[in-house]
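# Secondary and tertiary structure notes
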Amino acid sequence: MSKFKKDGGKASPQMNTASLPDIVFMLLFFFMVATTSKETDPTVEVDPPEGTKSTDLTPYKQRSEIDFLYLGAPRNPARASAFKFGYALSLDNVVQATADGLYSTSAVSRWKKDKFAQKPSRMTAPLEEVITCVKADKTAPTGIVFDIRKQLQDIDALTIAYAIRDKGNI
Amino acid sequence: MAKRAIPEINAGSMADIAFLLLLFFLVTTTMDRDQAYVRKIPKKIDVPLDQDVEVEKRNILAIKANNQNQLMVRGEVFSDPSKISEFILKFYQTNEKVNDPSNNFPMYSTTTLALCEQQMTELDSQIEEAERVGNSKLAEFFLSSYDEWNKKKQALKLYGKDEMRELAVQAHIRIEVQEQTAYSIFSQIHNEIEEAIFELRDKECMRLFSESYGILKRRHAQDSDPKDKSKLDLLEILYPARIIEVTPKN
């Protein structure tokens, strides 16, 4: 009566997975080429404004010639009240008060000087040409950006970049 | 001697290793590119000027934003910030072909090849004079303006005509914001300036070299060809982007 056999039958053929590593390696190489490494996870909230016709900093970044600083509300809201307008600077993941706030007025210029001193010798760009990129939240007060700018001017680091999120392709 | 068979290596875990690497890269990298407006900060002056520099009103394009994020361009309130670039275009183009003193926009002057050469020989003798006296700072100053004229001369040669129209040296765009102006407004102003300058240069680039300014710029960023550099220099001389960011007062 039983036309259908429950067990036995043919075992499903084994799939050949020899080329699986190749596929994964291909994926790996794609990601290695198409991405750049994250510098740090900033400790302040940054949602950059949108814009167009900006300069692409990726080539500089791959040569690690840029110093990034972040400006936004601290991720820990309890601390926000300690800062000027409630916005804090993040330099290398260390939250600083804004340029003339809690800690020290020379935080930015000291940080920039340290960064410049630590640059490997193959980077020959003088201090005034080393780009300092300000990544600020879209609600951040511009006064703080100008405070940063003043600090950079004092030590003759004369190139600043205002980060945005580019809407266009070019 | 009998050959020994090479034992086969089990490659079954190769995929695991590759996956591990892949995951590592996925986690530590970002896809988004860093885009920004790059600006120069003026050098600090040691001795403050005792007198303000006179600038004609027509040469100033003041873009102001206040604490409430309201915009004002040349005394006019702009409710739509995306209209600023049109105004900037007007600022550049009104007197481009013919100077008309009756309007309130910057004038253009005509630069010729003969003028460049005359200035260069003059500066040459001035450099020699300064070096003879031993005033190295003055010599440096003359040398930099010599370079500027030389740049203009090269640009004119590339331009292919005997003369070109040049925007008044003092003409500039001025950004005046207040302390609590949102960064988005500030970056939007930069965006509008960049857009206007791009449009002007792109049009000229199309006309002169029949290619897009964006492509030219990108190619120069990639393989910095001196030919592209001189083209970019020419476009920069034709439509200079002079931006002054005024530090807000407390």
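Computed from a predicted model, the values in this text were never measured in an experiment.

### Topic: the overall build of chain B
Across its full length, chain B holds seven helices and nine strands. At 27 Å, chain B has a C-alpha radius of gyration far larger than the 18 Å of a compact globule built from 250 residues. Taken over 250 residues, chain B has a buried fraction of 24%. For chain B, restricting intrachain contacts to residue pairs at least 6 apart in sequence, the fraction spanning at least 24 positions comes to 68%.

### Quick look at the nonpolar core
Counting 68 residues, the largest nonpolar core has A:Leu71, A:Val134 and A:Ala161 as its most contacted members. Per-domain counts for this core show at least three residues from each of domain 1 (55-107 + 168-250) and domain 2 (109-165) of chain B.

### So, the sheet that holds strand 8 (residues 172-177) of chain B
All names here are of chain B. Overall, mixed pairing links the five strands, which are arranged 5-4-3-8-9 in an open sheet. Either end of the sheet is taken by a strand with one partner, and the two such strands are strand 5 (76-78) and strand 9 (243-246). Geometrically, the sheet is characterised by an average inter-axis angle of 25 degrees between neighbouring strands, direction not taken into account. In the packing of helix 2 (residues 84-93) onto the sheet, the strands contacted are strand 3 (60-65), strand 4 (71-73), strand 5 and strand 8, and the crossing angle to strand 3 comes to about 165 degrees.

### Details of the packing of helix 6 (residues 213-223) of chain B against helix 7 (residues 226-238) of chain B
Residue and element names in this part refer to chain B. Packing of helix 6 against helix 7 brings their axes to within 10 Å, and their N-to-C directions diverge by 135 degrees. With respect to helix 7, the axis of helix 6 lies oblique. Judged by the sense of rotation from one axis to the other, the crossing of helix 6 with helix 7 is left-handed. Contact residues: Tyr-213, Leu-216, Lys-217, Arg-219 and His-220 in helix 6; Asp-228, Lys-229, Lys-231, Leu-232 and Leu-235 in helix 7. In terms of residue class, the contact of helix 6 with helix 7 is made up of four nonpolar, one polar and five charged.

### Regarding the domain arrangement of chain B
Residue and element names in this part refer to chain B. The domains assigned to chain B are domain 1 (55-107 + 168-250) and domain 2 (109-165). Taking only C-alpha atoms into account, the centre of domain 1 sits 26 Å from that of domain 2. Listed by partner, the interface residues are nine residues for domain 1 and nine residues for domain 2. Its residues assigned to classes, the side of domain 1 that touches domain 2 shows five nonpolar, one polar and three charged.

### Section: the packing of helix 1 (residues 20-34) of chain A against helix 1 (residues 14-28) of chain B
Viewed as axis vectors pointing N to C, helix 1 of chain A and helix 1 of chain B meet at an angle of 15 degrees, and their least axial separation amounts to 9 Å. Of the possible angle classes, the one that applies to helix 1 of chain A and helix 1 of chain B is roughly parallel. Crossing geometry of helix 1 of chain A relative to helix 1 of chain B is assigned as left-handed. For the pair helix 1 of chain A and helix 1 of chain B, the contacting residues are A:Leu20, A:Pro21, A:Val24, A:Phe25, A:Leu27, A:Leu28, A:Phe31 and A:Met32 in the first and B:Met14, B:Ala15, B:Ala18, B:Phe19, B:Leu21, B:Leu22, B:Phe25 and B:Leu26 in the second.

### Remarks on helix 5 (residues 183-209) of chain B
Taking 1.5 Å as the rise per residue, helix 5 of chain B with 27 residues should run 39 Å; its terminal C-alpha atoms sit 37 Å apart, in good agreement. Trailing helix 5 of chain B by a residue or two, B:Ser210 shows a phi angle of about 45 degrees, which is positive.

### Points about the environment of B:Arg33
When you line up the elements, B:Arg33 lands in the loop between strand 1 (29-30) and strand 2 (35-40). For B:Arg33, a count of 15 C-beta atoms within 10 Å puts it in the partly exposed group. With near-sequence residues (within four places) excluded, B:Arg33 lies in contact with A:Asp56 and A:Thr58.

### Structural notes on unusual backbone geometry
All names here are of chain A. Residue Lys-53 is not a glycine yet carries a positive backbone phi of 55 degrees. With respect to the helices, strands and loops of the structure, Lys-53 is situated in the loop between strand 3 (50-51) and strand 4 (55-56). Looking at Lys-53, the number of C-beta atoms within 10 Å reads 25, which means it is buried. For Asp-156, which is not glycine, the phi dihedral falls at a positive 65 degrees. With respect to the helices and strands, the residue Asp-156 is situated in the loop between helix 4 (142-154) and strand 9 (159-166). Residue classification places Asp-156 among the partly exposed positions, given that 13 C-beta atoms sit within 10 Å.

What counts and what doesn't
Sequence positions are assigned chain by chain, starting from 1 and proceeding in written order. Starting at A for chains and at 1 for ligands, labels are handed out in the order in which the entities are written. Residue-level local features of this predicted model are given only where pLDDT is at least 70; pairs of side-chain atoms are given and counted only at 80 or more, and the full residue set underlies all totals for whole chains, interfaces and linings. Only DSSP runs of H or I reaching four residues or more are called helices, and only runs of E reaching two or more are called strands; each is numbered from the N terminus. Just to be clear, the radius of gyration here is over C-alpha atoms, and the globule rule we use is 2.2 Å times residues to the power 0.38. For every residue, the other C-beta atoms within 10 Å of its own C-beta are counted; 20 or more classify it as buried, 12 or fewer as exposed, and values in between as partly exposed. C-beta atoms are placed from the backbone. It is the C-beta atoms, placed from the backbone, that decide contacts: two residues are in contact if theirs lie within 7 Å. In this usage, the nonpolar core is the set of buried Ala, Val, Leu, Ile, Met, Phe, Trp, Tyr and Cys residues whose C-beta atoms join them within 7 Å. The domain limits used here are those given by an automatic or database domain assignment. Pairing between two strands requires that DSSP report at least two bridges joining them. Interaxial angles span 0 to 180 degrees and are taken between N-to-C directions of axes, which are lines fitted to C-alpha atoms, for helices over the stretch in contact. Should an angle lie under 35 degrees it is considered roughly parallel, over 145 roughly antiparallel, and from 65 to 115 roughly perpendicular; all remaining angles are considered oblique. Put simply, a crossing is left-handed when the front helix is turned counterclockwise from the back one by less than a right angle, and right-handed when it is turned clockwise. Residues are grouped as follows: nonpolar covers Ala, Val, Leu, Ile, Met, Phe, Trp, Tyr, Cys and Pro; charged covers Asp, Glu, Lys and Arg; every other residue, Gly included, is treated as polar. One fewer than the residue count of a helix, multiplied by 1.5 Å, yields its expected span.

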